[in-house]
Amino acid sequence: MGEKIKQQWFSNVRADLLSGIVVALALIPEAIAFSIIAGVDPMVGLYASFCIAVIISFAGGRPGMISAATGAMALVMAPLVREYGLQYMLAATILTGVIQFILGICKINRLMKFIPRAVMIGFVNALAILIFMAQVPHFWGISTMTYVFVGITLLLVYMLPRWIKSVPAPLIAIVLLTAVSIFGHVELGTVGDLGNIQQSLPSFLIPDVPFTLDTVMIILPYSFAMALVGLLESLLTSTIIDEMTDTGSDKAREARGQGIANMINGFFGGMAGCAMIGQSVINVKSGGRSRLSTFVAGTFLMFLILVLGELVVQIPMPVLVGIMIMVSIGTFDWSSFTYMRRAPITDAVVMVVTVIIVVATHDLSKGVIAGVLLSAVFFVAKISKIKVVQENDGQSTRIQVTGQLFFASTTSFVKAIDFNCQSNHIEIDFTYAHIWDDSAVHAIDKMLNKFRENKKQVMLTGLNSSSLHMLRTLSGEAPLHETFQQTA
């Protein structure tokens, strides 16, 4: 146990401390922006980011991943805040945590295996585009000096690592350019322009809502939507960080951890949150690997608010914009252009559709769900192609069936058979076929009945054990069973 704690917490102390500081600085403007999207006070997002990051550092299943208030969750809760107010949003946050914890116990992470790689690539690319798009209002068309500071920031974060590896380049850029801005009296937009920051700790509270069934019915749809969106984004981000760091993670624990974090967070005045791919990428690229980096990100965020609040509000937005542009460039899977040329056209279409829907709706869950459904449709279309070869030798007819027989292929199967053949003895060979569902059994019954009407004797051969069991269980034609012959 001691060795495990050391590995997960203290195996990379120096880099984790520095990367956590970078993440904390970058979290502040995002937390404020997401609060504005949700329609709540900026401190609601900041408290949420502090609580969730600290709690998930202990309860989560992916060391080094950053969870906090996010735009995806803010978009879902915004209508609830507009119609019912902050207190209902806090109650919904707590219920979101309860639902996520239950889903974590039920191993919802197992559903991850049904998300194709094309959808994963589309998810990552869409997030990279959204991260970049979110920065545009903070630098486009503002001033020449804003462009200069964005450019210098990008130059520093890409060039400094060649000579300085001990301190993350984004941290150097933030400190250096903030000092230049303050002492040089440069006119730039700052973090303080986004909203007021109160130098106070979050306090425990119970949402001021009626404890009735009506309240539950109001918040349940929002909580359930946030639970699914949060888990989807968290588990996908966890998989991406797994690949970036070449390490594994406990995704069932991560799902439960997200639930615990949101439950506690709601009692301390925070909005619901989940994993953040942008901040997680910043953390990993800055050297963060263990739970300590996530813990430091949360605690240093609160330290910045409480102790350095007056200084934090003076951080130039163009500097943080430059860092987030670097994150979007690093997040985007540039090999996907090659992938689109080499992969099957259906996979390329799935990836592009996922990107388009996520970017158009700003809703990650809609894009991923659409991508998964489209992949399923393409897969069904691909395997529904069934081949039927009919050979007559005068005395008997042999029909060779090749492929998967299920609801999508039954029509083709029945149409391919010639029921007017002259032979009285028919053998239908399923050696290279598999029967999957009731639709397939119904199609076989229909075929047999047509042959019977034409006074033909039919024998089914080559059935594997699973197909034979399916026929015996579902076929309404009991006398037909004696014609079944199972393959060895």
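Only a predicted model underlies this, so the values are computations on that prediction, with no experimental measurement involved. (Residues numbered from 1 in each chain as written. Predicted model: local features only at pLDDT ≥ 70, side-chain atom pairs only at ≥ 80, totals over all residues. Heavy atoms only, no water.)

Draft legend 1. Spotlight on the overall build of the protein chain. Looking only at helices and strands, the protein chain features 20 helices and seven strands. Here the C-alpha atoms of the protein chain give a radius of gyration of 29 Å, more than 25% beyond the 23 Å that 2.2 N^0.38 yields for 488 residues. In terms of principal-axis extent, the alpha carbons of the protein chain reach across some 100 × 55 × 50 Å. When each of the 488 residues of the protein chain is scored for burial, the buried share is 54%. A separation threshold of at least 6 residues defines the contact pool for the protein chain, and within that pool the share at least 24 residues apart is 84%. Element-wise, carbon and sulfur atoms account for 63% of the exposed surface of the protein chain, whose accessible area totals about 22100 Å². Counting 31 positive and 30 negative side-chain charges, the protein chain places the averaged centre of each group 7 Å from the other. (Helix = DSSP H or I, 4+ residues; strand = E, 2+ residues; numbered from the N terminus. Rg over C-alpha atoms; globule rule 2.2 N^0.38 Å. Buried < 20%, exposed > 50% of the residue type's maximum accessible area, 1.4 Å probe, protein only. Contact = heavy atoms within 4.5 Å. Areas by Shrake-Rupley, 256 points an atom, 1.4 Å probe, with all protein chains shown as cover. Lys, Arg positive; Asp, Glu negative; His and termini not counted. Charge placed at Lys NZ, Arg CZ, Asp CG, Glu CD.)

Draft legend 2. Representation of the packing of helix H2 (residues 13-38) against helix H12 (residues 291-306) in the model. Axis separation between H2 and H12 bottoms out at 7 Å; the angle between their running directions is 45°. In terms of orientation, H2 and H12 fall into the oblique class. Between H2 and H12 the crossing geometry is right-handed. For the pair formed by H2 and H12, the contact residues are Val-13, Asp-16, Leu-17, Ser-19, Gly-20, Ile-21, Val-23, Ala-24, Leu-25, Leu-27 and Ile-28 on the first element and Leu-292, Ser-293, Val-296, Ala-297, Phe-300, Leu-301 and Leu-304 on the second. Partitioning the contact of H2 with H12 into residue classes produces 14 nonpolar, three polar and one charged. (Axes fitted to C-alpha atoms, helices over the stretch in contact; angles between N-to-C directions. Parallel < 35°, antiparallel > 145°, perpendicular 65-115°, else oblique. Left-handed = near helix turned anticlockwise from the far one by under 90°. Nonpolar A, V, L, I, M, F, W, Y, C, P; charged D, E, K, R; others polar.)

Draft legend 3. Structural detail: the UniProt feature "domain: STAS" (unreviewed entry) in the protein chain. Residues given the UniProt feature "domain: STAS" (unreviewed entry) here are residues 399-474. Across residues 399-474, the secondary structure splits into 42% helix and 33% strand, with the terminal C-alpha atoms separated by 22 Å. (UniProt positions renumbered as here; feature names shortened; annotations may be inferred.)

Draft legend 4. Layout of helix H10 (residues 251-266). Across its 16 residues, H10 extends 23 Å between first and last C-alpha, which sits within 8% of the 22 Å expected from 1.5 Å per residue. Buried residues belonging to H10 abut helix H3 (42-59), strand E1 (67-69), helix H5 (86-105), helix H9 (213-245) and strand E2 (273-275). The opening residue of H10 is Asp-250, an N-cap whose side-chain oxygen sits 3.3 Å from the backbone nitrogen of Ala-252. (Expected span 1.5 Å × (residues − 1). Polar contact = N/O pair within 3.5 Å; in protein donor to acceptor, adjacent residues only side chain to side chain.)

Draft legend 5. Local environment of the side chain of Asp-16. The residue Asp-16 is located in helix H2 in this model. Buried charged residue Asp-16 carries no salt bridge. Nearest counter-charge: Arg-289, at 6.9 Å. Ignoring sequence-local partners within four residues, the contact set of Asp-16 consists of Trp-9, Gly-287, Gly-288, Arg-289, Ser-290, Leu-292, Ser-293 and Val-296. (Salt bridge = Lys/Arg side-chain N within 4 Å of Asp/Glu carboxyl O.)

Draft legend 6. Seen up close, the packing of H2 against H3. Where H2 contacts H3, the two axes come as close as 7 Å, and the packing angle between them is 130°. On the basis of the axis angle, H2 is oblique to H3. Crossing handedness for the pair H2 and H3: right-handed. Residues Ile-28, Ala-31, Ile-32 and Ser-35 of H2 lie in contact with H3, whose contacting residues are Pro-42, Val-44, Gly-45, Leu-46 and Ser-49.

Draft legend 7. Structural context of helix H20 (residues 465-474). Within H20 the residues assigned to the buried category are Ser-467, Leu-468 and Leu-471. Buried residues along H20 cover an arc of 100° about the axis, so they all sit on one side. In this structure, H20 carries Ser-465 and His-469 as exposed residues pointing more than 90 degrees from its buried face. (Arc of directions from axis to C-beta.)

Draft legend 8. Inspection of the environment of Lys-366 at higher detail. Summarising the element assignment, Lys-366 is placed in helix H17 (residues 364-383). C-alpha separation for the pair Lys-366 and Thr-354, spaced twelve residues apart in sequence, amounts to 8.4 Å. In contact with Lys-366, not counting residues within four places along its chain, are Ile-357 and Thr-361.

Draft legend 9. Structural context of the pairing of strand E6 (residues 457-463). Taking burial as the measure, the seven residues of E6 include five buried ones, the bulk of the element. Looking at chain direction, strand E5 (residues 425-435) and E6 are connected through five bridges and run parallel. Residue pairing across strands places Ile-426 opposite Val-458, the latter belonging to E6. Crossover E5 to E6 through helix H19 (residues 438-453) is right-handed. (Pairing = 2+ DSSP bridges. Right-handed = clockwise from strand over helix to strand, strands pointing away.)

Draft legend 10. Just the confidence of the model for the protein chain, in detail. For the protein chain, mean pLDDT is 87; residues scoring 70 or higher make up 97% of the total. Mean pLDDT in the protein chain bottoms out at strand E7 (residues 484-486), which sits at 50, and peaks at H5, which reaches 95. (pLDDT = per-residue confidence, 0-100.)

Draft legend 11. Layout of empty space enclosed by the protein. For the structure shown, the criterion picks out one cavity of 30 Å³ or more. Empty space within the largest cavity amounts to approximately 60 Å³. If you go around the largest cavity, the residues you meet are Ile-56, Ser-57, Gly-60, Gly-61, Arg-62, Pro-63, Gly-64, Met-65, Ser-67, Glu-254, Arg-291 and Thr-294. Listing elements by their share of the lining of the largest cavity, those giving two or more residues are H3 and H12. The class makeup of the residues in the lining of the largest cavity is three nonpolar, six polar and three charged. (1 Å grid on protein atoms, 1.4 Å probe; cavity = no way out; pocket = protein on both sides within 12 Å on 5 of 7 lines; lining within 4 Å. Points joined across faces, edges and corners; volume = space filled by probe spheres on them.)

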